[in-house]
Amino acid sequence: MTKKKLIAGNWKMNGSLAANESLVKALLQDVGTPDCEVAVCVPAPYLAQMQALLAGSPIALGAQDLSAQQQGAFTGEQSATMLKDFGVRYAIVGHSERRQYHGETDEAVAAKAAAALANGITPIVCVGETLAQRESAHTEEVVKRQLAAVIHVNGHCISEIVVAYEPVWAIGTGKTATPEQAQSVHALLRAQLHHAANEHAAGIHILYGGSMNAANAAELLAQPDIDGGLIGGASLKAPDFLQIIAAAR
Ligand code: 13P
């Protein structure tokens with residue numbers, strides 16, 4: 001049995017009570033019973049709003065980050081148990097914007113993945129190379145190092161994670177990796193997961209992210225090791241996000 005694909009929206013730091021409500025209502029009106037798993041990863045202040053709006057729907061709730069700590073003096077952070085209180089199913093960890101602007105190291109990302117897993121939240125672990133790293137032929141080394149750190153700490157339950165390959169040069173730029181470029185990195189990641197999880201590696205979702213949109217989704221999702229998408233800009237427009245969902249079968 002082949003697994004269902006996963007289409008996850010990453011709203012990043014966008015939205016308002018009013019805008020979220022109209023976006024989600026438009027999604028719920030037309031999403032029907034999708035052939036794939038669907039999630040939206042929303043800004044933390046809107047988790048309660050989204051929990052209420054998405055209750056009983058086929059769209060799961062996700063967060064964009066979480067703390068590696070359980071509780072205590074960590075100003076500005078949200079723990080996994082707090083996210084659980086709002087019905088959060090997924091948490092993005094190690095997005096390149098967090099690595100770049102907040103100095104998140106591979107070790108910090110691995111610890112966040114562990115905190116999510118320990119609390120029944122599925123971490124969506126992001127990996128990806130910059131343009132300079134790709135052009136200097138370091139893509140393989142970079143993504144393998146990023147994933148290895150997560151496997152090192154979470155090896156015993158690695159089959160519970162979701163991986164997202166997001167080439168940094170493709171994020172928000174309109175430049176998408178070609179299906180062949182994406183597939184070749186996804187195959188590397190699958191092999192690395194196979195090493196850690198044996199036959200369970202086939203069941204791990206490896207998402208592609210980086211300027212995925214309504215026009216290019218089907219071709220990317222047709223690749224054998226692309227099991228879904230992590231969508232930024234296009235997830236903020238209901239018709240576009242719905243088209244991507246429809247392409248994931
Ligand atoms: P865009 O789809 O806007 O390129 O963003 C991708 C991304 O970073 C999703 O996490």
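Up top is the structure these notes are about.
On a predicted model such as this, the values are computed, not experimentally measured, just so you know.

1. Quick look at the pairing of strand β7 (residues 206–209)
Phase 1 of the analysis: Residues I206 and Y208 of β7 are buried on one face, and the alternating residues L207 and G209, pointing to the opposite face, are buried as well.
Phase 2 of the analysis: For strand β6 (residues 162–165) and β7, the ladder comprises 3 bridges, and the chain directions are parallel. Bridge assignment links V163 to a residue of β7, and that residue is I206.
Phase 3 of the analysis: For the segment spanning β6, helix α8 (residues 179–197) and β7, crossover handedness is right-handed.
Phase 4 of the analysis: Pairing of β7 with strand β8 (residues 228–231) involves 2 bridges; the strand directions are parallel. Paired with Y208 across the two strands is G229, which belongs to β8.

2. Some thoughts on α8
Phase 1 of the analysis: Its 19 residues place the ends of α8 25 Å apart at the C-alpha level, agreeing with the 27 Å of an ideal helix rising 1.5 Å per residue.
Phase 2 of the analysis: Every buried residue of α8 is listed here: P179, A182, Q183, V185, H186, L189, R190, Q192, L193 and A197.
Phase 3 of the analysis: N198 sits one or two positions beyond α8 and adopts a positive phi of about 50°.

3. Things to note about the packing of helix α7 (residues 139–154) against α8
Phase 1 of the analysis: For the pair α7 and α8, the least separation of the axes is 10 Å and the interaxial angle reads 35°. By crossing handedness, the relation of α7 to α8 is classed as right-handed. In this structure, α7 uses T139, E140, V143, K144, L147, A148 and I151 to contact α8, whose residues at the interface are V185, L188, L189, Q192, L193 and A196.
Phase 2 of the analysis: Tallied by class, the residues present in the contact of α7 with α8 amount to 9 nonpolar, 2 polar and 2 charged.

4. A few points about unusual backbone geometry
Phase 1 of the analysis: Not every positive phi belongs to a glycine, and A137 is a case in point at roughly 65°.
Phase 2 of the analysis: Counting through the fold element by element, A137 comes out in the loop between α6 (131–135) and α7.
Phase 3 of the analysis: You will see that S211, though not glycine, has its phi angle at about 55°, which is positive.
Phase 4 of the analysis: With a relative accessible area of 17%, S211 lands in the buried category.

5. A short note on the site of the ligand
Phase 1 of the analysis: Close to the ligand lie N10, K12, H95, E166, A170, I171, G172, G210, S211, L230, G232 and G233, which account for all nearby residues.
Phase 2 of the analysis: Here an oxygen atom of the ligand sits 2.8 Å away from a polar atom, N or O, in the side chain of H95.
Phase 3 of the analysis: Here G232 contributes a backbone N or O atom positioned 2.9 Å from an oxygen atom of the ligand.
Phase 4 of the analysis: If the ligand stood free it would expose 310 Å²; the protein chains cover 95% of that surface.
Phase 5 of the analysis: Counted by class, the shell around the ligand contains 3 nonpolar, 7 polar and 2 charged residues.

Procedures and definitions
- Residues numbered from 1 in each chain as written.
- Predicted model: local features only at pLDDT ≥ 70, side-chain atom pairs only at ≥ 80, totals over all residues.
- Heavy atoms only, no water.
- Buried < 20%, exposed > 50% of the residue type's maximum accessible area, 1.4 Å probe, protein only.
- Helix = DSSP H or I, 4+ residues; strand = E, 2+ residues; numbered from the N terminus.
- Pairing = 2+ DSSP bridges.
- Right-handed = clockwise from strand over helix to strand, strands pointing away.
- Expected span 1.5 Å × (residues − 1).
- Axes fitted to C-alpha atoms, helices over the stretch in contact; angles between N-to-C directions.
- Left-handed = near helix turned anticlockwise from the far one by under 90°.
- Contact = heavy atoms within 4.5 Å.
- Nonpolar A, V, L, I, M, F, W, Y, C, P; charged D, E, K, R; others polar.
- Near = heavy atom within 4 Å.
- Polar contact = N/O pair within 3.5 Å; in protein donor to acceptor, adjacent residues only side chain to side chain.
- Areas by Shrake-Rupley, 256 points an atom, 1.4 Å probe, with all protein chains shown as cover.

Worth remembering: the numbers are spatial, not functional.
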